[in-house]
Every structure is written in structure tokens, then in C-alpha cells.
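This is what each chain is made of:
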Amino acid sequence: MPALLTIETTCDETAAAVVSDSLEVRGAVVASQDELHRRFSGVVPEIAARAHLERILPVIDTALTEAGVTLAELDAIAVATTPGLAGSLLVGLAAAKALCVATGKPLVAVNHLHAHIYACEMAARQAAPMEPAAAETDRYRVFPCVGFIVSGGHTNLYRCDSPIDFTPLGGTIDDAAGEAFDKVATLLGMPYPGGPAISAAAEKGDPRAHRFPRSFLKEDRLDFSFAGLKTAVRYAISPPTGPDPRTVELSEKQVADLAASFQQAVVDCLVGKAIQATRATNLPKLCVGGGVAANRRFRKQLTAACGKARIELHIAPPELCTDNAVMGAIAWELLASGRAAELDIDIQPGLVRVGR
Ligand code: KG4
Ligand code: ZN
């Protein structure tokens, strides 16, 4: 059975997977670095790169062993080359290139953001497998669609005509949604990554306890801004002339209310703009991926809003929302369109800024 090895090292997860051409996941490994970055309340690029270097070969080895596939049996080797942290990306690309040189297999360069959306196609095909003889026009379950990536590094909306044809519609002009979760979590004394911790605390809080700003929500532009929201939370804990918010003792109820009100403000912005984007493009489907898409309240409210607006919603399953190598199966699409990479390809760390 044709199989490819995919490698993902864009940020702080070292991941590898083996996926067949029918998108069957044969092996998948994710080595998280959360514990290494926790005491810094965020990802430290040098630590991330060094940890990738230590882990990349065992992770690849384990994925291949799990799949029962040897390097010689692979059809291609894919790696995420953009966007991400330079040192992290370099480790993945160097490993992929070395394996390609050693085996003579083609190299495929994957865009990590496109892969996050492709996770939706994979999940949809698993739920409803494609007919082997599907017509060209019926090649995809979720494309064309509005693609929405909500992660620690990005909050971007795209028009996705196919898995390899993305047009930016808008994005954050400052912090990404996940970054806001992480920073507010630090203010509230919660561990990194902040998203799951805030989500858990918010369960017991009142989302209307604080009225935090919802930037751009009433405007036509498909952009986001979370910096003002983060500052508003900071001042709700301690006023501008007050003590450092991290030294302020908060009761469990106060923390829960702040977490719930913050989360609600983020969710309102994300849901509002996603619906706006589908209206602006007239596309009937919405696909959402990235770490923040694992958030329960976001999933629930987006599902309700899409139901009301008659939009077909595909949210990546939680295990494929946070960084993983399985979604690198988008490489099959690139291979099919003749887009294998040259061996001298470089990384492209630059964040794709689409905000105005
Ligand atoms: O996609 P991802 O694993 O990495 C990037 O490409 O950035 O996303 C990580 C981000 C972190 O900021 C984390 O706090 C956030 O996703 N996150 C969540 C949840 N789980 C992870 N945010 C809100 N609610 C969650 N349940
Ligand atoms: Zn990601």
C-alpha cells in the first residue's frame, strides 16, 4: 500500500506519521515539549530546537515501526517547512532531506497552516470514505470552503478552493487567539499552555461577569485583534497604577469569572468572523483547525451558529487540532499535482501576515 512519512517540527511538538494514499493513518507519534517550556510560560525557540534535535530520529523511528513500514517502502517524505520557528523548522527539514538523500525518495514541502485545514478533509473522509472512482469534481469532502486556523501562532481566515489553493481573507493584526489564551493564563497563575487551563476554569465561571472588548466584531473586515482584550483582563485584575497582576491574590470564583468572560469574548469574535467570512465568500462550508479549535465552548457555539446560518461545519477532531504530523497527509495532494520539492529547498519561518 503506498505510504508517506510526514514530519512536523514547526513549533514545540516533534511529530511524525505514516499515512497511506487512502489517508489511513498507519503510525503517528507526537512528542510534546510542554514540560520544557512551562516554567517560561511560553515556547523558548532555542530550547524547542534543541529538543527537536534530540527527539526527531526516535520519533520517526517509532512512527515507522508502528506502521510496520521501512524507509525503502515509502513513496515520499513530507515535512512542514512554513510557517514556524526557524530553529524548529530547520531540524525537521534537515531530517527529511537526509532521509531523501539516503533513500532517493521525493521530498514534499508542506504548509503547516494548510495542513491544519486538511485535518478536516481527513476526518470527513474517515466518516464517509470516498468512492474509488469519484469524479474529478467530487474529489473532496470539504473543499471548496472557508478555512479557519485558530492556533497559538495564527488566527487566519482563507478562501480554500482546493487543499492546495488558499487565498487569505483576513487574520489577526496582533496576538493569535491561542497566544491570548496563553498570556491571560499566565496572568491568572495557570500553567502553559493556557488554553486547556482557562477552558477548565471557565466551566465554573460566569461569562457575563466582565464585559470585555470584542474587537472588529461590528465591522465588515475579516480581521481579529486580541491585544486589547488581553490588556482589559490585566486591568480587571489590577488597575494601571495597581500592583503587578501576577502578585494579586484572586479567589477561585474570581479566576473562574475572569476565565469565563475572557473565553466568551474570544469565542464571540471567532464565531462572528467565521460566519461573516462564509457570508462574504458565499461558500457553503467552513473548516476549522488549530489548537484553539479544541476549545469546547468554541466548538459548541460555532456548531450552533453554523446550524442557524445553514453552513456545513467541519471542525478537526480534538487530537488533530493541536500540532501533529497526521495532517501532513496533505502531501499526497501536492504530489498528485506534481509539486514535489527540490532538495535545496529552504525553510520559510515568516508568519503570513494577512491583517491590514
Ligand atoms: O495548533 P497548536 O497546537 O500550535 C500552533 O500551531 O500554534 O495550538 C496551540 C495553542 C496554544 O496557544 C494553546 O493554549 C491553544 O492552542 N489551545 C487551546 C485549547 N487547547 C489548546 N485554547 C483554548 N482552548 C483549548 N481547549
Ligand atoms: Zn499548528
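Bear in mind that the values here come from a model prediction, so they are computed numbers and not experimental data. (Residues numbered from 1 in each chain as written. Chains lettered and ligands numbered in written order. Predicted model: local features only at pLDDT ≥ 70, side-chain atom pairs only at ≥ 80, totals over all residues. Heavy atoms only, no water.)

Peer 1: I keep staring at the sheet that holds strand E1 (residues 3-8) and nothing clicks. Help me out?
Peer 2: One open sheet accounts for five strands, arranged E3-E2-E1-E4-E5; its pairing is mixed. Both edges of this open sheet fall to strand E3 (25-32) and strand E5 (107-111), since each of them pairs with a single strand only. Adjacent strand axes in the sheet meet at a mean angle of 20° when their direction is disregarded. Strands E1, strand E4 (76-82) and E5 of the sheet are contacted by helix H3 (residues 86-103), whose axis makes an angle of about 155° with E4. Along the sheet, helix H4 (residues 112-127) makes contact with E1, strand E2 (13-20), E3, E4 and E5, crossing E5 at roughly 90°. (Pairing = 2+ DSSP bridges. Helix = DSSP H or I, 4+ residues; strand = E, 2+ residues; numbered from the N terminus. Axes fitted to C-alpha atoms, helices over the stretch in contact; angles between N-to-C directions. Contact = heavy atoms within 4.5 Å.)

Peer 1: Before we go on, may I ask you to explain the nonpolar core in this structure?
Peer 2: Note on soluble globular proteins: their nonpolar side chains tend to be buried together. Membership of the largest hydrophobic core comes to 85 residues, with the highest contact counts inside it found for Phe-148, Phe-262, Leu-270 and Phe-298. Per-element accounting of this core gives the leading share, 14 residues, to helix H8 (residues 252-281). Two domains each put at least three residues into this core: domain 1 (3-139 + 325-336) and domain 2 (145-318). With residues near it in sequence (within four places) discarded, Phe-298 still touches Phe-148, Val-150, Val-267, Leu-270, Val-271, Val-288, Val-292 and Ala-293. In terms of nonpolar packing, the next biggest core, distinct from the first, is built from 26 residues, Val-59, Leu-64, Leu-89 and Ala-96 among them. (Core = buried A, V, L, I, M, F, W, Y, C linked by side-chain atoms within 4.5 Å. Buried < 20%, exposed > 50% of the residue type's maximum accessible area, 1.4 Å probe, protein only. Domains from an automatic or database assignment.)

Peer 1: When you look at the pattern of salt bridges in this model, what are you seeing that I'm missing?
Peer 2: Going through the model one piece at a time under the given rule, you end up with 14 salt bridges. The residue Glu-333 makes a salt bridge to Arg-139 at a minimum N-O spacing of 3.3 Å. Residue Glu-333 is found in helix H11 (residues 331-336), and its partner Arg-139 is found in the loop between H4 and strand E6 (145-150); the two are separated by 194 residues along the sequence. On the basis of relative accessible area, Glu-333 is assigned to the buried category, the value being 7%. Linking Asp-206 and Arg-208 is a salt bridge whose minimum nitrogen-to-oxygen distance equals 3.7 Å. Salt bridges sharing partners connect three or more residues here, namely Glu-121, Arg-125, Arg-139 and Glu-333. (Salt bridge = Lys/Arg side-chain N within 4 Å of Asp/Glu carboxyl O.)

Peer 1: Is there a simple way to explain the coordination of the zinc ion (ligand 2) in this structure?
Peer 2: Metal coordination angles in their ideal form are 109.5 degrees for the four-donor tetrahedron and 90 or 180 degrees for the six-donor octahedron. Only His-112 (NE2), His-116 (NE2) and Asp-323 (OD) from the protein reach the zinc ion (ligand 2) as donors, at distances of 2.0 to 2.1 Å. In primary-sequence terms, the residues that donate to the zinc ion (ligand 2) follow H-x3-H-x206-D. Within this pair, whereas His-112 is found in helix H4, its partner Asp-323 is found in the loop between helix H10 (318-321) and H11, the two being separated by 211 residues in sequence. Residue His-112 is classed as buried on the basis of its relative accessible area, which comes to 6%. (Donors = N, O, S within 2.8 Å, 3.2 Å for Na, K, Ca; no water.)

Peer 1: Explain the sheet that holds strand E9 (residues 285-289) here, please?
Peer 2: The strands making up a sheet associate through backbone hydrogen bonding, with each pair oriented either parallel or antiparallel. Across the sheet, five strands lie side by side as E8-E7-E6-E9-E10; this open sheet has mixed pairing. Single-partner strands in this sheet number two, and they are strand E8 (165-171) and strand E10 (312-315). When the angles between neighbouring strand axes are averaged without regard to direction, this sheet yields 25°. Contacting E6, strand E7 (155-162), E8 and E9, H8 runs over the sheet at an angle of about 155° to E6. Against the sheet, helix H9 (residues 296-309) engages E6, E9 and E10, with an angle of about 165° to E10.

Peer 1: Could you clarify how one ought to interpret the domain arrangement of the protein chain in this entry?
Peer 2: Bring the parts together and some accessible area is lost; that lost area is often taken as the interface size. If you check the domain split of the protein chain, you get domain 1 (3-139 + 325-336) and domain 2 (145-318). Computed from C-alpha atoms alone, the centre-to-centre distance between domain 1 and domain 2 is 26 Å. Carbon and sulfur atoms make up 76% of the area that domain 1 and domain 2 hide from each other, which totals about 1,600 Å². Taken together, the connections running from domain 1 to domain 2 amount to zero salt bridges. Taken together, the links from domain 1 to domain 2 amount to three residue pairs in polar contact (both at pLDDT 80 or more). (Buried area = accessible area lost by both parts, 1.4 Å probe. Polar contact = N/O pair within 3.5 Å; in protein donor to acceptor, adjacent residues only side chain to side chain.)

Peer 1: So what exactly am I meant to see when it comes to the pairing of E6 here?
Peer 2: Two faces belong to every sheet, and in a regular strand the side chains alternate between them. For E6, the buried fraction is high: six of the six residues fall into the buried class. Burial along E6 is two-sided: the face carrying Cys-145, Gly-147 and Ile-149 and the face carrying Val-146, Phe-148 and Val-150 are both buried. Sheet topology note: the E6/E7 ladder contains six bridges and is antiparallel. Looking at the pairing, Val-146 lines up with Arg-159 of E7. Both E6 and E9 contribute to a ladder of four bridges, which runs parallel. What sits directly across from Ile-149, in E9, is Gly-289.

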